[in-house]
Amino acid sequence: HGADCSLGDWGLCHTQTLMLDYTGEGDYLDNQFKIYFSSIHRVLQVNNPGFVHEHVVGDLTYIKPTSSFQGFQSNTRIVLPLVLEYWSVQETDNMPRWFVVDDRDQSTAIIGNTNTENMHNFVLPYTSTLKTASDANVHMTTANRFSLNKKMVEEVDASHRIIPTPYQTTVTND
């Protein structure tokens, strides 16, 4: 993907493309706002000179415009290539309810299409769960996970043990 992963743990990273669609009728030239979002992957960089990122706490991060931000022209899209740590193999790695904070009065607003549990309102469907072209991992489904777990139960006789082992047990005929 051509990203510099040296900032990531073990040099592992992936890219995601954030698309900001401005549907307003007039241009929006103010740069006094931040877009906050939760990310289970640490943001390493924003590859757009008009924006920077800042880690807040835990999984909370924000992106904000820089002095070179030219604003949103009416009915346009701004593309922000993000470089994030490790990899993403599940659509649910992307958290809902992104929100904007106006720095002038600290007012907030949730970004509408992220105010949902329907991931496809703000995440394009993943077409593969492989991390690389040579990744040989099998995508886990409920069926193959059940099959693997069933094999473990059949191979190990756990019928006479309780974990953790109790100090004393009493069995009655009730």
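Structural data are supplied above this passage.
Everything numeric in this text was worked out from a predicted model, so none of it was measured.

A closer look at unusual backbone geometry
- Of note in this structure, N75 is not a glycine but carries a positive phi near 50 degrees.
- Along the chain, N75 turns up in the loop between β5 (60-65) and β6 (76-85).
- Taking relative accessible area as the criterion, N75 reaches 54% and is therefore assigned exposed.
- Positive phi is not limited to glycine here, since Q106 has a value of about 65 degrees.
- The topology assignment puts Q106 in the loop between β7 (99-102) and β8 (108-110).
- Note on Q106: relative accessible area 52%, which makes it exposed.

Here we look at the state of the cysteines
- Summed over all chains, the structure comprises 1 disulfide.
- Shown here is the disulfide that connects C5 with C13, its sulfur atoms set 1.7 Å apart. Sign of the S-S torsion, about -55 degrees for the bond between C5 and C13, identifies this disulfide as left-handed.

Points about the sheet that holds β8
- Judged by pairing direction, the sheet is antiparallel, and its 5 strands sit side by side in the order β4-β5-β2-β7-β8 without closing on themselves. Lying at the two open borders of the sheet, with one neighbouring strand each, are β4 (51-57) and β8. Between one strand and the next, the sheet's axes are offset by a mean angle of 25 degrees, whatever the strand orientation.

Focus on the pairing of β6
- Relative to β6, strand β1 (residues 13-22) runs antiparallel, the two being bridged by 10 bridges. Each residue of the ladder has a partner; that of H14, found in β6, is L84.

Describing the side chain of T114
- For T114, the position within the fold is in the loop between β8 and α1 (142-155).
- For T114, the side chain forms a polar contact with the main-chain nitrogen of W98, separated by 3.0 Å.
- Dropping the residues within four chain positions of it, T114 is found in contact with P96, R97, W98 and F122.

Some words on the nonpolar core
- L18, L20, F51, I63, I78 and L80 are the most contacted members of the largest nonpolar core, which has 16 residues in total.
- Secondary-structure elements contributing two or more residues to this core are β1, β2 (33-38), β3 (43-46) and β6.
- No other element matches β6, which puts 4 residues into this core.
- The residues contacting F51, other than those within four sequence positions of it, are L20, F33, V46, K64, P65, T66, F69, I78 and L80.

Thresholds applied
- Residues numbered from 1 in each chain as written.
- Predicted model: local features only at pLDDT ≥ 70, side-chain atom pairs only at ≥ 80, totals over all residues.
- Heavy atoms only, no water.
- Helix = DSSP H or I, 4+ residues; strand = E, 2+ residues; numbered from the N terminus.
- Buried < 20%, exposed > 50% of the residue type's maximum accessible area, 1.4 Å probe, protein only.
- Disulfide = S-S within 2.5 Å.
- Pairing = 2+ DSSP bridges.
- Axes fitted to C-alpha atoms, helices over the stretch in contact; angles between N-to-C directions.
- Polar contact = N/O pair within 3.5 Å; in protein donor to acceptor, adjacent residues only side chain to side chain.
- Contact = heavy atoms within 4.5 Å.
- Core = buried A, V, L, I, M, F, W, Y, C linked by side-chain atoms within 4.5 Å.

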